[in-house]
Amino acid sequence: MADLTPTPDRPGLHVTKPDPTTPATATAVCHCGATATATGDNQVRALVEGYTANQGPAHHRKSR
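Attention here is on the structure that accompanies the text. Fair warning: this is a prediction, and the values are worked out from it, not measured in the lab.

## Describing the overall build of the chain
Right, on to step 1. In terms of helices and strands, the chain carries 2 helices and 3 strands.
Right, on to step 2. Listing the helices and strands of the chain from first to last along the sequence gives β-β-β-α-α.
Right, on to step 3. Long-range contacts, defined here as pairs at least 24 residues apart, represent 20% of the contacts in the chain between residues at least 6 apart.
Right, on to step 4. Accessible surface computed for the chain: about 4400 Å², of which carbon and sulfur atoms make up 56%.

## Brief notes about the environment of Pro6
Right, on to step 1. Along the chain, the position of Pro6 falls in the segment before β1 (12–16).
Right, on to step 2. Classification of Pro6 by relative accessible area gives buried; the value is 7%.
Right, on to step 3. Distance from Pro6 to Ala28, taken between C-alpha atoms, is 6.3 Å for residues 22 residues apart in sequence.
Right, on to step 4. Once you skip the residues sitting within four places of it in the chain, Pro6 turns out to touch Pro11, Gly12, Leu13, His14, Thr27, Ala28 and Val29.

## Description of helix α1 (residues 41–54)
Right, on to step 1. Here α1 spans 20 Å end to end across 14 residues, near enough to the 20 Å set by a 1.5 Å rise per residue.
Right, on to step 2. Val44, Leu47 and Tyr51 are the residues of α1 that are buried. For α1, the angular spread of the buried residues around the axis is 60°, confining them to a single face. When the buried face of α1 is taken as reference, the exposed residues oriented beyond 90 degrees from it are Asn42 and Glu49.

## What about the sheet that holds β1?
Right, on to step 1. One open sheet holds the 3 strands; their spatial order is β1-β2-β3, and the pairing between them is antiparallel. Sheet topology places β1 and β3 (35–39) at the edges, where each strand pairs with a single neighbour. If you compare each strand with its neighbour and ignore which way they point, the axes differ by 5° on average.
Right, on to step 2. Two elements, β1 and strand β2 (residues 25–29), share 5 bridges in a ladder whose sense is antiparallel. Bridge assignment links Val15 to a residue of β2, and that residue is Ala26.
Right, on to step 3. Along the sheet, α1 makes contact with β1, β2 and β3, crossing β3 at roughly 155°.

Reading guide: rules and limits
Residues numbered from 1 in each chain as written. Predicted model: local features only at pLDDT ≥ 70, side-chain atom pairs only at ≥ 80, totals over all residues. Heavy atoms only, no water. Helix = DSSP H or I, 4+ residues; strand = E, 2+ residues; numbered from the N terminus. Contact = heavy atoms within 4.5 Å. Areas by Shrake-Rupley, 256 points an atom, 1.4 Å probe, with all protein chains shown as cover. Buried < 20%, exposed > 50% of the residue type's maximum accessible area, 1.4 Å probe, protein only. Expected span 1.5 Å × (residues − 1). Arc of directions from axis to C-beta. Pairing = 2+ DSSP bridges. Axes fitted to C-alpha atoms, helices over the stretch in contact; angles between N-to-C directions.

Nothing here speaks to function; it is geometry throughout.
Structure, rendered in structure tokens:
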């Protein structure tokens, strides 16, 4: 399987939750260099919401 972890060269958001009893984990890297990680379902949910609102595609549109 390919490594889907985001890097500065490949920005993005990667979330894992292997099964219902395992806490979710997430890693985010924006093209501007901002990075974040989270562990636990609530923290991952907050990271995803923050990333989609302020980084990633939304951030990229604002910077043009």
